[in-house]
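# Reading the structure
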Amino acid sequence: MGYYDDHSQERYQKKNGSSRGYLFSSIVGAIIGAMLVVLLIPTLSNQGFLPYNVQPNQNQPAGSNNDNQNNFIQQQVSYDVQTDTTKAIDKAADAVVGINNIQTSNFWYDESGDNQGPAGTGSGVIYKKDGNKAYVVTNQHVVEGATHLEVTLNDGTKIPAKLLGGDVWTDLAVLEIDADKVEKVAEFGDSDALKMGEPVMAIGNPLGATFSGSVTQGIISGINRTIPVDINQDGIMDWNAEVLQTDAAINPGNSGGALINIAGQLIGINSMKIAQSAVEGIGLSIPINYARPIINDLEQFGVVKRPYMGVDLKSVAEIPGYYQEEALKLPRDITYGVALRQVMPNSPAAQAGLRELDVIVEMDGEKIHDVIDLRKHLYQETKIGDKMEIKFYREGKLQTTTITLAEDQS
């Protein structure tokens, strides 16, 4: 048994010594390898093999005894991250501007002594540069009521702006500014080509100048959404706005800013946000394909060229049943349509023979349920000069007429 124990101890000592030797060799090899890698970093960086730049520490005195020993440790590493997202932002960010809506001519105080400043702030997008002029699209509600308008470029430069025109139905407006200091213009994308889940970024000035040029990222959450809009704030919906839905954060001040795709192209004008305590991540943007003809009209004419009928309207559904039968003389099964409260003299409607209390129920074969239906058909499916067939009830009888649409001269 003693002979066996001696040999076992000898084998153990040999094995243990061999393990220590392997461990020591591994540690030495790791240290030497690490030193070689660190010493090679500046060379690899200079040759462009690394995704960041390495610069010597500028705080260490020249000629220091530790230069050779510690220079590789005291390196300043500057990462140069380039992704599709950062490239898109670089392409579009300088075309997004801030807008100040100024509604006073007094610098500090008005006559009552109240503090005065911009009545509101928002965002805008430079979409065109032509000679010494540049053009900015924003929201109508951003510029509404302004006595003076001012555009702030991404570098802080402030430029006076002239309002060329605005449109309450689409919440769009166009401004003109001096182009001397404008360097970038947004590139239009194709909002009809967007897909659910596609990444997008919102750029604007949430909460004013403090957070100017902010970027938020999300996806396209919904396409071809329709949101009821009360234009005159009377509690009755006047229009269905066609919008894109995104979960990119859009806050007050973002209105009029850019929604861009991963290529850095403008695909929407951010317009509003559903701000309810129970709702998160629902931002809305006007599709650029829908906005472009509006922008062109506002730039050229100051108004949107739309066909005109010359009538004052009210949805039948909003009229009590008693008056539907007694005043409008509608059959009991007709509970939809649009009643004419007034027909303007010499208007296209008057020339077509329409009168007060007539109830329009169909246009060009399309059933008209309410005022929103009528405006949508008129503004989106017809143009000035078109002939439109109308079916309407008068004194309980269904009749047909043809109206030739004209341009609104008001």
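Conventions used here
Residues numbered from 1 in each chain as written. Predicted model: local features only at pLDDT ≥ 70, side-chain atom pairs only at ≥ 80, totals over all residues. Heavy atoms only, no water. Helix = DSSP H or I, 4+ residues; strand = E, 2+ residues; numbered from the N terminus. Buried < 20%, exposed > 50% of the residue type's maximum accessible area, 1.4 Å probe, protein only. Contact = heavy atoms within 4.5 Å. Polar contact = N/O pair within 3.5 Å; in protein donor to acceptor, adjacent residues only side chain to side chain. Lys, Arg positive; Asp, Glu negative; His and termini not counted. Salt bridge = Lys/Arg side-chain N within 4 Å of Asp/Glu carboxyl O. pLDDT = per-residue confidence, 0-100.

## Quick word on the environment of lysine 329
Tracing the backbone through its elements, the reader meets lysine 329 in the loop between α6 (321-326) and β17 (338-343). You can call lysine 329 partly exposed: its relative accessible area is 35%. In this structure the C-alpha to C-alpha distance between lysine 329 and valine 359, which are 30 residues apart in sequence, comes to 9.6 Å. Here lysine 329 is in contact with Gln324, Glu395 and Gly396, once residues within four sequence places are set aside. A distance of 3.1 Å separates a polar side-chain atom of lysine 329 from the backbone oxygen of glutamate 326.

## Let's talk about the side chain of arginine 375
Mapped onto the elements of the fold, arginine 375 is located in helix α8 (residues 371-381). We note that arginine 375 is buried and unpaired, the nearest opposite charge coming from aspartate 238 at a distance of 4.1 Å. If we skip the residues at most four places from it in the chain, arginine 375 touches Trp169, Asp238, Trp239 and Gln380.

## Quick look at the confidence of the model for the chain
The predicted model of the chain has a mean per-residue pLDDT of 83, with 75% of residues at 70 or higher. By mean pLDDT, helix α2 (residues 67-70) is the weakest element of the chain at 52, and strand β5 (residues 133-138) is the strongest at 98. In the predicted structure, residues 110-116 sits below a pLDDT of 50 and forms 10 contacts with residues beyond four places in sequence or in another chain.

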